[in-house]
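# Structure at a glance
Chain by chain, the residues:
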Amino acid sequence: MRDFPTYVGMVMSIDLETVKKIASLARITLSDEEADPLKGELNNILAWVEQLSEVDTDGVPAMTSAVETSLFQRPDEVADGGYAERVLANAPSAEFGYFAVPKVIE
Amino acid sequence: MTTTYTIEGATGPWELVLGLEVHAQVISNSKLFSGAATAFGAEPNSQVSLVDAAMPGMLPVINGECVRQAVRTGLAIGAQINTWSRFDRKNYFYADLPQGYQISQYQYPIVGEGEITIELEGGHKKVVGIERLHLEQDAGKSLHDQHPQFTLVDLNRSGVALMEIVSKPDMRSPEEAAAYVRKLRTILRYIGSCDGNMEEGSMRADVNVSVRKAGDPLGTRCEIKNVNSLRFIQQAIVYEASRQIDILEAGGKIDQETRLFDPGKGETRSMRSKEEAHDYRYFPDPDLLPLEFDDAFVEAQRASLPELPDAKADRLINELGVSAYNAGVLVAERENADFFEATLDAVTKATGKPTADVSKSVANFITSDLFGALNKAGQSTSTSPVSPGACAELLALQLDGTISGRIAKDVFEDMFASGKSASEIVEAKGLKQVSDTGELQAIIDKIIADNPAQVEQYRGGREKLFGFFVGQTMKATGGKANPQVVNELLKTALAG
Amino acid sequence: MSEVLSWTLAEARDALSKGEVSSVELVDAHIKAMEAARALNCFITETPEAAREAAKAADLARSEGNAPALAGIPFANKDLFCTHGVQTTAASHILEGFVPQYDSTVGENLQKAGMISLGKTNLDEFAMGSSNETSYFGHVKNPWRLPDGTDTVPGGSSGGSVAAVAAGIGYGATGTDTGGSIRQPASFTGTVGLKPTYGRCSRWGIVAFASSLDQAGPIAKTVRDAAIMLEAMAGYDPKDSTSVNRPVPNYEAALTGDIRGMKIGIPSEYRMDGAPEEIDALWEQGKAWLKDAGAELVDISLPHTKYALPTYYIVAPAEASSNLARYDGVRYGLREMRDGGGLVDMYSATRAAGFGREVKRRVLIGTYVLSAGYYDAYYLKAQKVRTLIARDFAAAFENVDTILTPSTPSAAFAFGAKSDDPISMYLNDIFTVPANLAGLPGISVPSGMSAEGLPLGLQLLAPAFGEETLLRTADVLERQAGFSARPSRWWED
Ligand SMILES: [Mg+2]
Ligand SMILES: [Zn+2]
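Residues numbered from 1 in each chain as written. Chains lettered and ligands numbered in written order. Predicted model: local features only at pLDDT ≥ 70, side-chain atom pairs only at ≥ 80, totals over all residues. Heavy atoms only, no water.

Helix and strand counts for chain A come out as three helices and two strands. Across the 106 residues that make up chain A, the buried fraction comes to 46%. Accessible surface for chain A amounts to roughly 5600 Å². Of this, 49% is attributable to carbon and sulfur atoms. (Helix = DSSP H or I, 4+ residues; strand = E, 2+ residues; numbered from the N terminus. Buried < 20%, exposed > 50% of the residue type's maximum accessible area, 1.4 Å probe, protein only. Areas by Shrake-Rupley, 256 points an atom, 1.4 Å probe, with all protein chains shown as cover.)

Next comes the structure, spelled out in structure tokens:
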């Protein structure tokens, strides 16, 4: 893998290979016909969001949540589950109470 | 110090550098972020909530008990507790990972640095550093060999709370790694945060292995995933280290990668042969807020901790005079230590003797007699047919001279088999020790009279024959004679 | 057109409680209107049978004296809210045929309040869009057309919901607003759209787009109706960790009509170069109306406003790329298989076939900005700018009670006008996105007409949990504007 810069301030342009790499990380098959225009669109969007580099964020904390409240902690009770049929109701493929997917060879 | 463990290669000895990531299932009724049950062995997908199945629009809500247990565990390993921590998403696709990400703690774990002291062969101790402990979700289970065409997915484990405990790369031999896991398991079981059941997968280890020549910087490591027994951990380390040494000595270099241990073949193999490198794209889970608590909460958890194994062993050795070896054996499992302490308490009460005077006998009895019998019967202290009270009664009878040590062993055997109490057995079988000097003198007089030749030899200097006379006396009393009294009377009588 | 269709929710409620009309009558009239409006394509799934059953039950409950406040009032439910036993698609092929085994908390709250769903409204796929052109189930048409009869977009993503309300189908509708998806389409259709404070309405059971931004809210004919519906939708939900445990006030009671002495902030940064003049003119008119009602106008500055959209287009796709990972063909929805393909092939084929172009675009952007080496430069940077945006608002709200801005930079546009250029489409949300980033409540109130005869809205913003102030101001703005235009019912021809 190439060495990518980790700072904003440089207009980066992603190539077709990168588009395909991202698509494969995202598990979306892309044909060349799809990937090419997407490359242009993604580059436009990336160039456009690049303007954030103008903003001085030194010492600014990243927002962790839009709400000011504390995390509610549930009591440790069994209050859910026990309905395999509901869990499996929409399964494209199920066998013997399991979800079934193409065989994985590990 | 022990000598450094090395593996001998063609170019000389290689050192091992080992670090472990232990995944320990938190003891909880329900999952980390859902209310579904966690019990082992349920019907497939029967302990799955809509949240665990990652149905659209489902949201995680944290289980307070898991937070509490993570903090208690952190305290038990003397670690830094972070009162502000955060959950991140680790993104990757797998059939048994319904959300397409695992909720974990990447950048800000709930517990920071700590340490564990491990016990090694010959009573040596070593401190192993802990890097961090964080909470995360377990994945579901994929069964690859149950169907000709499909991999089958059971989500019962999906979302179960795990503590990932990451050590520093402080271990240098397979034995140290095993001792580390053993000790960690002991601590977790003491405080009740994990049952430590490796067969059921409640505890499993990712083992990071690298090799180097003495004095060299750290080598490239490989991570062996999900090893689930102490034996396999050691086997995997030896295999993997040797594999790396072979590569290095042939002039190759080690690829940092994730490997799988095959217990059948005793080998490790690469898990990602054709797959691209993972890019987990960690980012803070926007469905959750930072996890915050105050010092009072931490102190309450500290107060809830039982005496920990190291402290208990120290006390047994220094205050009770138990041997270091026995103390180590006794504290290794909390239930054994509890059994010992309950027995000791009852013996002290029954005999009125100071605890320190009887503790050694109690420790000896439990580590040899009781554990011997339990082992043979395939039982443990929690399923023992004899209770601490029953053991104490037996020990008290022995300590006050009512029965001899030898008889005590027989009585214990009987107790173990029949469930009867020691006094019942002693009474029914008339096993009370004979300490009456008059009665014993008569018996001894008769033995001396019946064995003139031996008496003569003894008096002529064959002092070894003293044992013969003790034996004869014991035989004549059915083993019930008080050995001390017999000794004294015999000495006087034989002195002539 | 049946007269009951022109009523507001409040009027329907009052008529029901006085016994002047039955729920069955209301629901029947709405079902007819819904069926007559199929040309608008507002609904992905219509549920007339269930609605009729519920109407009967509501009438019965009312006759027995135990009807909840809004018993028997029909509404339209955005197809992002999961509905037990009723297909929920998020307007995506990947969820086609998915029948949830649960109801969203908001949907359940509305049901408890007595409201009756007519069906599931169309939207941009996974709520990603500003024109309702990304739905797998076809475009929604805006009931408002250009003078020459050209169809216009209803805005998005809650396009089906706003179009339904504008067409008199339902006395209100649910919407969700991640970057403007309630307010922008409300502005395009002459309806009232309210995005509550983040945490006010539970997100449980709503198909997630961007978790830190998504918020459900009502789309209504009037501010009063929005207040009534919000009260029914809102509330703490222990199943949503970001839901806030705070009592729900009587929002309708906040509509006192009195804003004398109230300070209204006018942010200079919302004056955009190149924006149509009529937008500015409307804004000026809005200021005058509020001033006339006794409020004080205060010039304020929200200096980071121009960075809101680029911030949003990092944060939202990043979260979406992760939220949409669950659509993998394993447990529900579409599964595409290639012969002899393995698990990875199944994932990739399913997601390639199941997601539309805009969704793919955003998932890829999101994947990219989170990937190794880029996190700090994009996601972390954006979350820092987000803090600055929130601070801008916090500072402003130290001096003002609400903020007045235009809702959108333009009126509704024709189909296809912006779909070739993602960024020009994204610019639709330029005025609405900041409130999402800061978690603040906002409302769009229909306030005027464009030169081409299309509705235009003005937006009001308030501090977190300032919905009462927001609604009070909006109510006054609505009265002052006196917006009464209705689209011609061309679709019934
Ligand atoms: Mg690991
Ligand atoms: Zn882990």
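To continue, consider the nonpolar core. Counting residues in each nonpolar core, the largest one holds 214 residues, and the members touching the most others are Phe 126 and Phe 393 of chain C. Broken down by element, the residue count for this core peaks at 10 residues, all from helix α12 (residues 376–396) of chain C. In this structure Phe 393 of chain C touches Tyr 270, Leu 302, Ile 403, Pro 434, Ala 435, Ala 438, Leu 440 and Leu 461 of chain C, once residues within four positions along its chain are discounted. Formed by 112 residues, the second largest nonpolar core is a distinct cluster that contains Val 26, Val 209 and Phe 339 of chain B together with Tyr 198 of chain C. (Core = buried A, V, L, I, M, F, W, Y, C linked by side-chain atoms within 4.5 Å. Contact = heavy atoms within 4.5 Å.)

All names here are of chain B. Where helix α9 (residues 388–399) contacts helix α10 (residues 405–418), the axes come no closer than 10 Å and their chain directions differ by 160°. Of the possible angle classes, the one that applies to α9 and α10 is roughly antiparallel. When you trace α9 past α10, the crossing you get is right-handed. Within the contact between the two elements, α9 uses Ala 390, Cys 391, Leu 394 and Gln 398 and α10 uses Gly 405, Ala 408, Val 411, Phe 412 and Met 415. (Axes fitted to C-alpha atoms, helices over the stretch in contact; angles between N-to-C directions. Parallel < 35°, antiparallel > 145°, perpendicular 65-115°, else oblique. Left-handed = near helix turned anticlockwise from the far one by under 90°.)

Time to look at the environment of Gly 482 of chain C. Residues and elements named next belong to chain C. Assignment of secondary structure puts Gly 482 in the segment after α15 (467–481). Under the relative-accessibility criterion, Gly 482 is labelled partly exposed at 44%. Residues Gly 482 and Pro 446, 36 residues apart in the sequence, show an inter-C-alpha distance of 8.8 Å.

Another aspect to go through is the coordination of the zinc ion (ligand 2). Residues and elements named next belong to chain B. Protein coordination of the zinc ion (ligand 2) is provided by His 23 (NE2), Glu 136 (OE) and Glu 164 (OE), with donor distances spanning 1.9 to 2.1 Å. Mapped onto the sequence, the donors of the zinc ion (ligand 2) take the spacing H-x112-E-x27-E. In this structure the magnesium ion (ligand 1) is found 4.9 Å away from the zinc ion (ligand 2). On the criterion of sequence distance, the pair formed by Glu 136 in strand β7 (residues 125–137) and Glu 164 in strand β10 (residues 161–167) is long-range, its members being 28 residues apart. (Donors = N, O, S within 2.8 Å, 3.2 Å for Na, K, Ca; no water.)

How big an interface is tends to be expressed through the accessible area that disappears when the partners come together. Across the boundary between the two partners, chain A contributes 54 residues, which contact 70 residues of chain C. Taking both partners together, chain A and chain C bury about 5400 Å²; carbon and sulfur atoms supply 70% of that area. When the area that chain A buries against chain C is broken down by residue, the three leading residues are Trp 48, Leu 52 and Met 63 of chain A, summing to 13%. At the boundary of chain A and chain C, one finds four salt bridges. Between Lys 360 of chain C and Glu 34 of chain A there is a salt bridge, and its shortest N-O distance comes to 3.3 Å. (Buried area = accessible area lost by both parts, 1.4 Å probe. Salt bridge = Lys/Arg side-chain N within 4 Å of Asp/Glu carboxyl O.)

So, about the packing of helix α1 (residues 64–76) of chain B against helix α2 (residues 174–191) of chain B. Residues and elements named next belong to chain B. In contact at an axis separation of 10 Å, α1 and α2 are set at 130° when each is read in the N-to-C sense. As the angle between them shows, α1 and α2 are arranged oblique. Note on packing geometry: the crossing formed by α1 with α2 is right-handed. On α2, the residues touching Gln 69, Arg 72, Thr 73 and Ala 76 of α1 are Ile 187, Leu 188 and Ile 191.

A few words now on the pattern of salt bridges. Residues and elements named next belong to chain C. Within this structure, the stated rule accounts for 61 salt bridges over all chains. Put simply, Arg 224 and Glu 252 hold a salt bridge, and the shortest N to O gap is 3.1 Å. One end of the pair, Arg 224, is in helix α7 (residues 223–233); the other, Glu 252, is in the loop between α7 and β7 (263–267), with 28 residues separating them in the sequence. Between Asp 345 and Arg 338 there is a salt bridge whose closest N-O contact spans 3.5 Å.

What follows concerns the sheet that holds strand β2 (residues 98–102) of chain A. Sheet architecture is open: four strands sit in the order β1(A)-β2(A)-β9(B)-β8(B), paired in antiparallel fashion. Where the open sheet ends on each side, the last strands, each with one partner, are β1 (94–95) of chain A together with β8 (141–143) of chain B. With two bridges joining them, β1 of chain A and β2 of chain A adopt antiparallel strand pairing. The residue bridging Glu 95 of chain A from the neighbouring strand is Tyr 98 of chain A, located in β2 of chain A. (Pairing = 2+ DSSP bridges.)

This part is about helix α3 (residues 230–249) of chain B. The α-helix winds at 3.6 residues per turn, so residues separated by three or four positions along the chain end up facing the same way. All names here are of chain B. Its 20 residues give α3 an end-to-end C-alpha distance of 29 Å, which sits within 8% of 28 Å, the value for a rise of 1.5 Å per residue. Regarding α3, the residues found buried are Phe 232, Ile 233, Ala 236, Ile 237, Glu 240, Ala 241, Arg 243, Gln 244 and Ile 245. Backbone geometry just after α3 places Gly 251 at a positive phi near 90°. (Expected span 1.5 Å × (residues − 1).)

A word on the coordination of the magnesium ion (ligand 1). Residues and elements named next belong to chain B. Those donors, Glu 21 (OE), Asp 206 (OD) and Glu 223 (OE), are the protein atoms that reach the magnesium ion (ligand 1), and they lie 2.0 to 2.5 Å from it. Summarised as a motif, the one-chain spacing of the donors to the magnesium ion (ligand 1) is E-x184-D-x16-E. When its relative accessible area of 15% is taken as the criterion, Glu 21 is described as buried. For Asp 206, a relative accessible area of 1% gives the class buried.

This paragraph deals with the confidence of the model for chain B. Chain-level pLDDT for chain B is 94 on average; 98% of the residues reach the 70-or-more range. Interface confidence in the predicted complex, given as ipTM, is 0.96; pTM for the same model is 0.92. (pLDDT = per-residue confidence, 0-100.)

Attention now moves to α9 of chain B. All names here are of chain B. In this model α9 runs 16 Å from its N-terminal to its C-terminal C-alpha over 12 residues, within 8% of the 16 Å that 1.5 Å per residue would give. Those residues of α9 that are buried lie in contact with α7 (334–351), α8 (355–377), α10 and α11 (422–429). Gly 401, located one to two residues past α9, shows a positive phi value of around 85°.

Let us look at the side chain of Gln 99 of chain B. As for its position among the elements, Gln 99 of chain B is in the loop between β4 (88–91) and β5 (101–104). A distance of 3.0 Å separates a polar side-chain atom of Gln 99 of chain B from the backbone oxygen of Tyr 101 of chain B. When sequence neighbours within four positions are dropped, the list of residues in contact with Gln 99 of chain B reads Ala 54 and Gln 137 of chain B together with Ser 322, Ala 325 and Arg 326 of chain C. (Polar contact = N/O pair within 3.5 Å; in protein donor to acceptor, adjacent residues only side chain to side chain.)

Now for the interface of chain A and chain B. Tallying the contact residues gives 38 residues for chain A and 51 residues for chain B. Buried area between chain A and chain B, both sides added, is near 3900 Å², and the carbon and sulfur share of it is 58%. Considering only the side of chain A, the residues that lose the most area to chain B are Leu 71, Arg 74 and Asp 76 of chain A, jointly responsible for 19% of the buried surface there. On inspection of chain A and its partner chain B, the count reaches zero salt bridges. At the boundary of chain A with chain B, the tally comes to 23 residue pairs in polar contact (both at pLDDT 80 or more). Elements with a minimum of two residues in the side of chain A that touches chain B: α1 (16–25), α3 (84–88) and β2 of chain A. Class assignment for the residues of the side of chain A that touches chain B results in 19 nonpolar, 10 polar and nine charged. Sheet topology note: the β2 of chain A/strand β9 (residues 150–154) of chain B ladder contains four bridges and is antiparallel. The residue of β9 of chain B that forms the bridge with Ala 100 of chain A is Leu 152 of chain B. (Nonpolar A, V, L, I, M, F, W, Y, C, P; charged D, E, K, R; others polar.)

Within the open sheet, the three strands sit side by side as β5-β4-β15 (chain B). Their pairing is antiparallel. Of all strands in the sheet, those bounded by a partner on one side alone are β5 and β15 (283–284) of chain B. The pairing of β4 of chain B with β15 of chain B spans two bridges and is classified as antiparallel. Pairing of Arg 89 of chain B across the sheet is with Phe 283 of chain B, part of β15 of chain B. Seen against the sheet, helix α9 (residues 308–323) of chain C touches β4, β5 and β15 of chain B and runs at an angle of roughly 60° to β4 of chain B.

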